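Each chain, letter by letter, is given below.
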Amino acid sequence: MGETVSNEKAPKKDFIKGLKAEFNKIIWPDKETLTKQSIVVVVSTIALGIVIAVLDLIIKFGLNIVIG
């Protein structure tokens with residue numbers, strides 16, 4: 001039905017070399033960029049939480065009026 005797949009594994013040395021090569025490609029952000037991005041994430045999370053809470057209160061209020 002299907003093709004057979006070989007179960008050959010790459011030697012561990014090649015895996016480690018590849019891993020090191022990939023880590024060398026990583027560009028780590030500087031402290032200023034990291035701080036700015038962290039602040040944006042925290043502020044966005046708080047703002048979204050407030051929006052969800054307000055929508056929840058509006059829906060709850062509306063359902064209480066409809067249900068009685």
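Coordinates for the structure precede this section.
With that settled, the discussion passes to the overall build of the chain. When its secondary structure is counted, the chain shows 2 helices and 0 strands. Of all 68 residues assigned to the chain, the portion counted as buried reaches 0%. For the chain, the exposed surface amounts to about 7,100 Å²; the carbon and sulfur share of it is 69%.

This next bit is on helix H2 (residues 31–67). The terminal C-alpha atoms of H2, which comprises 37 residues, lie 53 Å apart, in line with the 54 Å expected from a rise of 1.5 Å per residue. Taken from the residues just after H2, Gly68 is the one with a positive phi, measuring 100°.

Turning our attention to helix H1 (residues 12–25). The terminal C-alpha atoms of H1, which comprises 14 residues, lie 20 Å apart, in line with the 20 Å expected from a rise of 1.5 Å per residue. Within H1, only 0 of the 14 residues are buried, which leaves the element largely exposed.

Turning next to the pattern of salt bridges. By the definition in use, this model includes 2 salt bridges. Here Glu32 ties to Lys36 by a salt bridge, and the two come within 3.2 Å at their closest N and O atoms. Note that Glu32 and Lys36 are positioned in helix H2 at a spacing of 4 residues, about one turn of the helix.

Analysis parameters
Residues numbered from 1 in each chain as written. Predicted model: local features only at pLDDT ≥ 70, side-chain atom pairs only at ≥ 80, totals over all residues. Heavy atoms only, no water. Helix = DSSP H or I, 4+ residues; strand = E, 2+ residues; numbered from the N terminus. Buried < 20%, exposed > 50% of the residue type's maximum accessible area, 1.4 Å probe, protein only. Areas by Shrake-Rupley, 256 points an atom, 1.4 Å probe, with all protein chains shown as cover. Expected span 1.5 Å × (residues − 1). Salt bridge = Lys/Arg side-chain N within 4 Å of Asp/Glu carboxyl O.

Everything listed is a geometric property; what it means functionally is a separate question.
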